[in-house]
Amino acid sequence: MTHYWWSERVGPGFSHSYEVELLYEERTPFQHMFIFNTPFWGRALVLDGVIQLTEGDEYVYHEMMVHVPILGRDQQVRSVLIIGGADGGALREVLTHESVERVVQVELDKAVLKACRKYMPEICRGWDDPRVQLIIGDGAGYMKEAARRGEQFDVILLDSTDPIGPAISLFERPFHEDIAACLSDHGVVVRQSGLPRTMPKVMPFVMKRFEDVLPLVQVYRAPVSVYGDEMAFVAATKDGVALNNPRGDHIGKFYNPGCHRAAFELPTWWNKLIESYEDDGQIPLETINIL
Ligand code: SAM
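Because the structure is a prediction, the values reported are computed rather than measured.

Cut-off values and rules
- Residues numbered from 1 in each chain as written.
- Predicted model: local features only at pLDDT ≥ 70, side-chain atom pairs only at ≥ 80, totals over all residues.
- Heavy atoms only, no water.
- Near = heavy atom within 4 Å.
- Polar contact = N/O pair within 3.5 Å; in protein donor to acceptor, adjacent residues only side chain to side chain.
- Nonpolar A, V, L, I, M, F, W, Y, C, P; charged D, E, K, R; others polar.
- Domains from an automatic or database assignment.
- Salt bridge = Lys/Arg side-chain N within 4 Å of Asp/Glu carboxyl O.
- Helix = DSSP H or I, 4+ residues; strand = E, 2+ residues; numbered from the N terminus.
- Buried < 20%, exposed > 50% of the residue type's maximum accessible area, 1.4 Å probe, protein only.
- Pairing = 2+ DSSP bridges.
- Axes fitted to C-alpha atoms, helices over the stretch in contact; angles between N-to-C directions.
- Contact = heavy atoms within 4.5 Å.
- Right-handed = clockwise from strand over helix to strand, strands pointing away.
- Phe/Tyr/Trp six-rings, centres within 6.5 Å; stacked < 30°, edge-to-face > 60°.
- Lys NZ or Arg CZ within 6 Å of the ring centre and 35° of its normal.
- Lys, Arg positive; Asp, Glu negative; His and termini not counted.
- Core = buried A, V, L, I, M, F, W, Y, C linked by side-chain atoms within 4.5 Å.

### Remarks on the site of the ligand
The immediate surroundings of the ligand are formed by 27 residues, with Gln52, Glu107, Asp138, Gly139 and Tyr227 found nearest. Here a nitrogen atom of the ligand sits 2.8 Å away from a polar atom, N or O, in the main chain of Gly139. Here the residues of the shell around the ligand sort into 12 nonpolar, 10 polar and five charged. Mapping the shell around the ligand onto the domain boundaries places at least three of its residues in each of domain 1 (3-54) and domain 2 (58-276).

### Overview of the pattern of salt bridges
Evaluation of the coordinates by the stated rule reveals 16 salt bridges. In this structure, Arg92 and Glu58 form a salt bridge, with 2.9 Å as the shortest nitrogen-oxygen distance. Of this pair, Arg92 sits in helix α2 (residues 89-94) while Glu58 is found in helix α1 (residues 58-71), placing the two residues 34 residues apart along the sequence. When its relative accessible area of 8% is taken as the criterion, Glu58 is described as buried. Ionic contacts of the salt-bridge type, sharing partners, join the residues Arg173, Arg209, Asp212 and Asp279 into one network.

### Digging into the sheet that holds strand β5 (residues 50-54)
Within the open sheet, the five strands sit side by side as β1-β2-β3-β4-β5. Their pairing is antiparallel. Here the strands that pair on one side only, and so sit at the sheet edges, are β1 (3-11) and β5. Averaged over neighbouring strand pairs, the angle between their axes works out to 45° when direction is ignored. Bridging between strand β4 (residues 42-47) and β5 involves four bridges; their strand directions are antiparallel.

### Quick notes on the side chain of Asp109
Position of Asp109 among the secondary structure elements: in the loop between β7 (102-107) and α3 (110-119). Reaching out from Asp109, the side chain makes a polar contact with the side chain of Thr28 at a distance of 2.6 Å. Within the structure, Asp109 has its side chain in polar contact with the side chain of Gln31 (distance 2.9 Å). Each residue touching Asp109, except ones within four places of it in the same chain, is listed here: Thr28, Phe30 and Gln31.

### Digging into the pairing of strand β8 (residues 132-136)
Here β7 pairs with β8 via five bridges, running parallel. Looking at the pairing, Gln105 lines up with Leu134 of β8. Running through α3, the crossover from β7 to the neighbouring parallel element β8 is right-handed.

### Focus: the packing of aromatic side chains
Applying the stated criterion across every chain yields a total of 11 aromatic pairs. The ring of Phe171 carries the charged tip of Arg191 above its face, separated from the ring centre by 3.9 Å. The ring of Phe205 has Arg209 sitting right over it, with the charged end atom 5.0 Å from the ring centre.

### Quick word on the side chain of Asp57
Tracing the chain through its elements places Asp57 in the loop between β5 and α1. No salt bridge is formed by the buried Asp57; its nearest oppositely charged neighbour, Lys253, is found at 9.6 Å. In terms of polar contacts, Asp57 uses its side chain to reach the side chain of Thr54, at 2.9 Å. Those residues within four positions of Asp57 in sequence are excluded, and the remaining contacts are Trp41, Val224, Ser225 and Val226.

### Here we look at the nonpolar core
If you look at the biggest cluster of nonpolar residues, it comprises 99 residues, and the most contacted ones within it are Ile156 and Phe210. If one sorts the elements of this core by residue count, α1 sits on top with nine residues. Two domains share this core, each providing at least three of its residues, namely domain 1 (3-54) and domain 2 (58-276). Excluding its chain neighbours within four sequence positions, the residues that come into contact with Phe210 are Leu158, His176, Ile179, Val189, Arg191, Val217, Val234 and Ala236.

### Some points on the sheet that holds strand β11 (residues 216-224)
Strand order across the open sheet formed by seven strands is β8-β7-β6-β9-β10-β12-β11, with mixed pairing between neighbours. Of all the strands in the sheet, the pair left with one neighbour each is β8 and β11. Taking the axes of each pair of neighbouring strands and ignoring which way they run, one obtains an average angle of 15° across the sheet. Contacting β6 (79-84), β7, β8 and β9 (153-159), helix α4 (residues 139-149) crosses the sheet at an angle of about 145° to β6. On top of the sheet, helix α8 (residues 268-276) reaches β11 and β12 (229-237); it is set at about 140° to β11, its chief contact.

What follows is the structure in structure tokens.
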């Protein structure tokens, strides 16, 4: 296997370098994929030049994406929709909740799913759980049809790539209308909303799109070390009830009730980013890495 140094361009004049061993590379019909082995982070998935996750710290992202919306409500969560998430980390965390009876996962790229199952099987073993329905397709198209059919979900997780490449359809206005239509009365949607430091327009843009269709929008954060900074999750609720106060005492590798509450305390500069954002409705096409 070849060892070499690979750099991820994170922002203007700023990159992260990793010593890697290439395990797999493919240009799929939708995106370019690397799967690396790295001495420090373990195995890593890279799509269109952007590190998606590593075995070393994916649990931070997946635990905070999943347990905050599920435990941030008094109501039990029975049905969950995941858009994206080919690595299965979000699915793994959803399946830890016994109240969950049904999970639909809509992933665009079969090749990424196949490679993750082969090269990163430790991240998720939940694919064969009888509660799970896996659909290969575009999340926007699925959402449109689901809204037309009157489907309802208690939690919707948007675990997609950033607004570059195939995920752009998931940042368009109609998609958010379909999301709102498919949330149950106490439903919650959460979207990974990038790194405010290197993609400063994504988080405020996502907030605006949810504010167009839902009564309460919140931001919380998680320190995903391999990204080099804290990342933003934007959450919105159908009934306008906030997510800050967790029920129960779930303890994960990262998640715990204290971290849940603290995640909603934002740095001053994030608040200023939100206040100063001028919404032109245009998707912030962050072209950090296009191979
Ligand atoms: N869970 C990872 C993490 O910890 O950051 C990152 C998310 S996951 C790898 C991103 C997934 O979104 C990819 O598998 C990609 O194929 C999928 N995706 C991108 N655009 C999509 C779309 N329009 N519909 C459904 N899935 C999409």
